[in-house]
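The primary structure of each chain is shown beneath.
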Amino acid sequence: MALARSCRAAFAPVFRANHFHSSSALAARPNAAATPAPTKTRRAVPDLEPLDFDEEIFQDQLSAEDDAPEPMHKYLQQQRDMLYYLRLIEHEMPKLVAYRKPFVSPSASLPLAVRSISYGGESHPAAAKRTIVAAIAQLPLRNEAAIHKFKVLAGVRWTPEPPTDSGIAPGESGGEHGYFKISCEDFPKAAMNLKWASDTLDRLLAAANDTKESFSDIPVDTRHLEARIRKAKKGGHIYGRQTHRPTLKDFPKEWLPAPKAEVIAEPGASSTLP
């Protein structure tokens, strides 16, 4: 709606240019151009060298579309390990020839065989265990009576065959009286366990060579051997098969009561026993 000229003259003060924002900005533009705007100071960036980084740490962040699956990596690692040991065998093993020594069988003065357990350098309680195995025929025993007494005193530590873990073959000489085995793992050091086993063997030898008391009337105990056969269950556990079936002939005669004296009865008299 157009305003009349008289009304337009009445609103003239309101329509002045400096009463509106746009007009004020236009009015202030010449003054702003007169005053120079403050210039921004640019920050100086120092000239730094590029950082050095290992590219291998970013390998797991790369795309694995062309990578092999995990079983293939394990197989390749096994092949690398095998090649490593094959190279050792080919290049390092021939150098051990310089440490070769001829085998000398142990003499009668060295009848003891000491066995130890190793776990490849790892700490283990059984690594301090020491075992002594010896053939009784090679021990310093005086006579057959001392050998029998030693077997009786040894008990379950005596076996007619060499122990399977002793390193002694069944056909070796010196096994006509069996073998003695003793072990110890009660002490923290291996030398202490070996010392205890050696001292115990020395005490057994001294007691067996003592002639003050003879064990000739005591048989050698073989119950531990019979129990081992029964536990194996390879046919010897059947009753009477491991040795022989016991009969009345095996009953000790000294355990039988003394026979009573027979009274010869006269003819016509009744026979009476005292």
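Right above here is the structure, for reference.
Below, the structure is looked at part by part. (Residues numbered from 1 in each chain as written. Predicted model: local features only at pLDDT ≥ 70, side-chain atom pairs only at ≥ 80, totals over all residues. Heavy atoms only, no water.)

In terms of regular secondary structure, the protein chain is built from six helices and four strands. From first element to last, N terminus to C terminus, the protein chain shows the α and β order α-α-α-β-β-α-β-β-α-α. Looking at the protein chain as a whole, 17% of its 274 residues qualify as buried. The long-range fraction of contacts in the protein chain, counting pairs at least 24 apart against all pairs at least 6 apart in sequence, stands at 56%. Element-wise, carbon and sulfur atoms account for 58% of the exposed surface of the protein chain, whose accessible area totals about 23,700 Å². (Helix = DSSP H or I, 4+ residues; strand = E, 2+ residues; numbered from the N terminus. Buried < 20%, exposed > 50% of the residue type's maximum accessible area, 1.4 Å probe, protein only. Contact = heavy atoms within 4.5 Å. Areas by Shrake-Rupley, 256 points an atom, 1.4 Å probe, with all protein chains shown as cover.)

Before going further, it helps to examine the sheet that holds strand β4 (residues 179-184). Taken in spatial order, the four strands of this open sheet run β1-β2-β4-β3, and their pairing is antiparallel. On the outer flanks of this sheet lie β1 (112-116) and β3 (158-159), each paired with one strand and no other. (Pairing = 2+ DSSP bridges.)

A few words on the pattern of salt bridges. Under the definition given, this model contains six salt bridges. The shortest N-O distance in the salt bridge between D165 and R115 comes to 3.1 Å. Residue D165 is found in the loop between β3 and β4, and its partner R115 is found in strand β1; the two are separated by 50 residues along the sequence. Overall, R115 belongs to the partly exposed group, its relative accessible area being 22%. Through salt bridges with shared partners, a single ionic network connects R115, D165 and K181. (Salt bridge = Lys/Arg side-chain N within 4 Å of Asp/Glu carboxyl O.)

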